[in-house]
Amino acid sequence: MRGFAAGKLPSILKEREFSLGRLNKVFASQWLNHRQVVCGTKCNTLFVVDVLTGQIMRIPMLKDGECRDGGSGVVNAVVAGQHYYPTVASRARLDQQGCGIHAIELNPSRTLLATGGDNPNSLAIYQLPTLDPVCVGDDGHNDWIFSIAWISDNMAVSGSRDGSMGLWEVTEEVLSQAERNQSDQTVPSYAHISHRVLKDIPKEYTNPYNCKVRALAFNDNHKELGAVSLDGYFHLWKAEHNLCKILSTKLPHCKENVCLAYAQDWSVYAVGSQAHVSFLDPRQPMHSIKSVHSRERGSGIRSVSFYEHIVTVGTGHGSLLFYDIRAQRFLENPRTTAGGCRKLPGDTILKLNTGKGWLNHDETWRSYFSDIQSFPNAVYTHCYDDSGTKLFVAGGPLCSGLHGNYAGLWS
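The present account deals with the structure reproduced in this document. Being a predicted model, the structure only gives us computed values, none of them experimental.

Before going further, it helps to examine unusual backbone geometry. Residue P129 follows L128 across a cis peptide bond; omega there is 10°. With respect to the helices, strands and loops of the structure, P129 is situated in the loop between β9 (123–127) and β10 (133–137). If you check the backbone angles, R110 has positive phi at about 60° while not being a glycine. Along the chain, R110 turns up in the loop between β7 (104–106) and β8 (112–116). Residue R110 is classed as partly exposed on the basis of its relative accessible area of 35%.

Structure (structure tokens):
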């Protein structure tokens, strides 16, 4: 029944937009419960939106442990809001303004949330449902975290722009300390943890400067972690208490590989690229990888997800497309197929277009884009609620120089 509903739902979805003020580009989102979605932006803002009221609540960002503490160096617990003094690393982060939060993931039991820290190179862990701070992993990556995947209830892997993957463990000791901190102090504090494992993705086949880990997806049945890098490779790792490489393979479409999803029921990964979604099963010969064309040239696939047998595709042109992996075709728009007249291939595909959103008419817009009538909002993130009947969609303008946002609930 859920599968039948999944195939019928997209054609009856209606959009309700939310106002996000002056926030810049929503890159990541996850449902917390039936009415709250947590989001991260390019302007490094973490917030929760109530989809019933549209109200927004900002979540404090967790800072690295570089506070001054009587010369003792990095401390084990830091009080949120304590004054931080500039170090070489923190000064370097001034150059990283605008990279933002690219990933938000909940652990399997939905008791912990992992995302980027105030320093986008660091991993921040919050407790659910309170969103109290737990810890920061701040000694692993030298560049932005692009993706996160939980491989168990207390272990997460981060993928970074520096080409490395970090394995982090939230121990019982850290959790107990976090609980004590919340009860003992009026100002929340949190621990600082070190990576358990740090591995570089293979660089021998390609330009090492383009080996950026862009997306991760975990196969819980086989305890395997899929990773996509910007040089057009798919990597598979055994991921339990360590990270052990299984294989690396060149993808058939290797430009702008920025999103990845895994379907447990179908044992297949979906990789989004500049104009295609490629489906691969690591247990099958790599020449059997099937790809489908998005029919939107140049704008790229920006987000991809599985729900039942439907693959939802968010594009840089502000479109949502729906691919039936069982029938191996895109869902058709019932309104265009009901007329009886012949249509060109692709004209009958169901395509939902995002609303106008908000665009900042700043100096960049006035200098270079003011003569362009409208800008579609790239769908950088989308996620279904547990019922599969509500689809949260968010993003912003595709051009990196433009400042704006979009968020909407399709139900």
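Text resumes after the structure shown.
So, on to the environment of V277. Tracing the chain through its elements places V277 in strand β22 (residues 276–280). With a relative accessible area of 2%, V277 lands in the buried category. Sequence separation between V277 and K290 is 13 residues, and the spatial gap between their C-alpha atoms is 8.5 Å. Excluding anything up to four places from it in sequence, V277 contacts A270, V271, K290, S291, V292, I301 and V313.

Time to look at empty space enclosed by the protein. Which parts of space are left empty comes out when a probe the size of a water molecule is rolled across the atoms. In total, this model carries two cavities of 30 Å³ or more according to the counting rule given. Quantified by volume, the largest cavity comes out at close to 40 Å³. Lining the largest cavity, in full, are G100, I101, H102, A103, T115, G116, P120, I145 and I148. Counting residues per element, the ones that place at least two in the lining of the largest cavity are β8 and β11 (145–150). Of the residues belonging to the lining of the largest cavity, the class tally is five nonpolar, four polar and no charged.

All right, on to the packing of aromatic side chains then. Applying the stated criterion to the full structure yields eight aromatic pairs. When the ring of F18 is compared with that of F392, the centres are 6.4 Å apart and the planes differ by 25°; the resulting orientation is stacked. Separated by 374 residues along the polypeptide, F18 in the loop between β1 (15–17) and β2 (26–31) and F392 in strand β31 (residues 391–397) bring together distant segments of the chain. On the basis of relative accessible area, F392 is assigned to the buried category, the value being 1%.

Through backbone hydrogen bonds, the strands of a sheet pair up, either in parallel or in antiparallel fashion. One open sheet accounts for four strands, arranged β20-β21-β22-β23; its pairing is antiparallel. Edge positions in the open sheet fall to β20 (259–263) and β23 (290–293), since each of these has one partner strand only. Across the sheet, the axes of successive neighbouring strands diverge by a mean angle of 20°, strand direction being ignored. When strand β21 (residues 268–272) meets β22, the two strands line up antiparallel, connected through four bridges. Opposite G272, over in β22, you have V277 as the bridge partner.

Our next topic: the sheet that holds β2. Taken together, four strands build an open sheet; the order of strands is β2-β3-β4-β5 and the sheet is antiparallel. In the strand order of this sheet, the two ends are held by β2 and β5 (56–59), each with one partner. Averaged over all neighbouring strand pairs, the angle between strand axes comes to 25°, with direction disregarded. When strand β3 (residues 36–41) meets strand β4 (residues 46–50), the two strands line up antiparallel, connected through five bridges. Counted as the bridge partner of G40 is L46 from β4.

Of all six residues making up strand β17 (residues 224–229), six are buried, and the element is well covered by its neighbours. With burial as the criterion, each face of β17 is covered, one bearing E224, G226 and V228 and the other bearing L225, A227 and S229. Two elements, strand β16 (residues 213–219) and β17, share six bridges in a ladder whose sense is antiparallel. Directly across from N219, in β17, lies its bridge partner E224. Linking β16 to β17, which pair antiparallel, is a turn of four residues; within it K223 sits at a positive phi near 55°. By the bridge criterion, six bridges tie β17 to strand β18 (residues 233–239) in an arrangement that is antiparallel. Paired with G226 across the two strands is L236, which belongs to β18. Count of turn residues in the β17/β18 antiparallel hairpin: three residues, of which G232 carries a positive phi of about 90°.

So, on to the pattern of salt bridges. With the rule as written, the count across this model stands at seven salt bridges. With a closest N to O distance of 2.6 Å, D50 and R35 form a salt bridge. Of this pair, D50 sits in strand β4 while R35 sits in the loop between β2 and β3, and the two are 15 residues apart along the sequence. A salt bridge links R283 to E224, with the nearest nitrogen and oxygen atoms 2.6 Å apart. A residue pair is termed long-range when its members are at least 10 positions apart, and R283 in the loop between β22 and β23 and E224 in strand β17 qualify at 59 residues. We classify E224 as buried; its relative accessible area is 6%.

What counts, and where the lines are drawn
Numbers given for residues are sequential positions, taken from 1 along each chain in its written order. Given that this is a predicted model, residues contribute local features only at a pLDDT of at least 70 and side-chain atom pairs are listed and counted only at 80 or more, while totals for whole chains, interfaces and linings are drawn from all residues. Based on all heavy atoms of the structure, the side-chain values leave hydrogens and waters out of the count. Helix and strand assignments come from DSSP, with helices taken as H or I runs of at least 4 residues and strands as E runs of at least 2, each series counted from the N terminus. Three exposure classes are used, based on accessible area relative to the maximum for each residue type with a 1.4 Å probe and protein chains only: buried under 20%, partly exposed in between, and exposed over 50%. Throughout, a contact is declared for two residues whenever any of their heavy atoms are within 4.5 Å. Space inside and on the surface of the protein is sampled on a 1 Å grid over the protein atoms alone, with a cavity defined as a set of points where a 1.4 Å probe fits but cannot get out and a pocket as an open set with protein on both sides within 12 Å along at least 5 of 7 lines; lining residues have an atom within 4 Å of a point. Grid points are joined across faces, edges and corners, and a volume is the space filled by probe spheres set on the points. Amino acids are sorted into nonpolar (Ala, Val, Leu, Ile, Met, Phe, Trp, Tyr, Cys and Pro), charged (Asp, Glu, Lys and Arg) and polar (every other residue, Gly among them). Note on aromatic contacts: the rings of Phe and Tyr and the six-membered ring of Trp form a pair at centre separations within 6.5 Å, being stacked when their planes are under 30 degrees apart, edge-to-face when over 60 apart, and tilted otherwise. Two strands form a pair only when DSSP identifies at least two bridges running between them. For helices, the fitted axis covers only the stretch in contact; all axes are lines through C-alpha atoms, and the angles between them, taken along N-to-C directions, range from 0 to 180 degrees. Each reported salt bridge corresponds to a side-chain nitrogen of Lys or Arg within 4 Å of a carboxyl oxygen of Asp or Glu.

As far as function goes, none of this settles anything; it's purely spatial.
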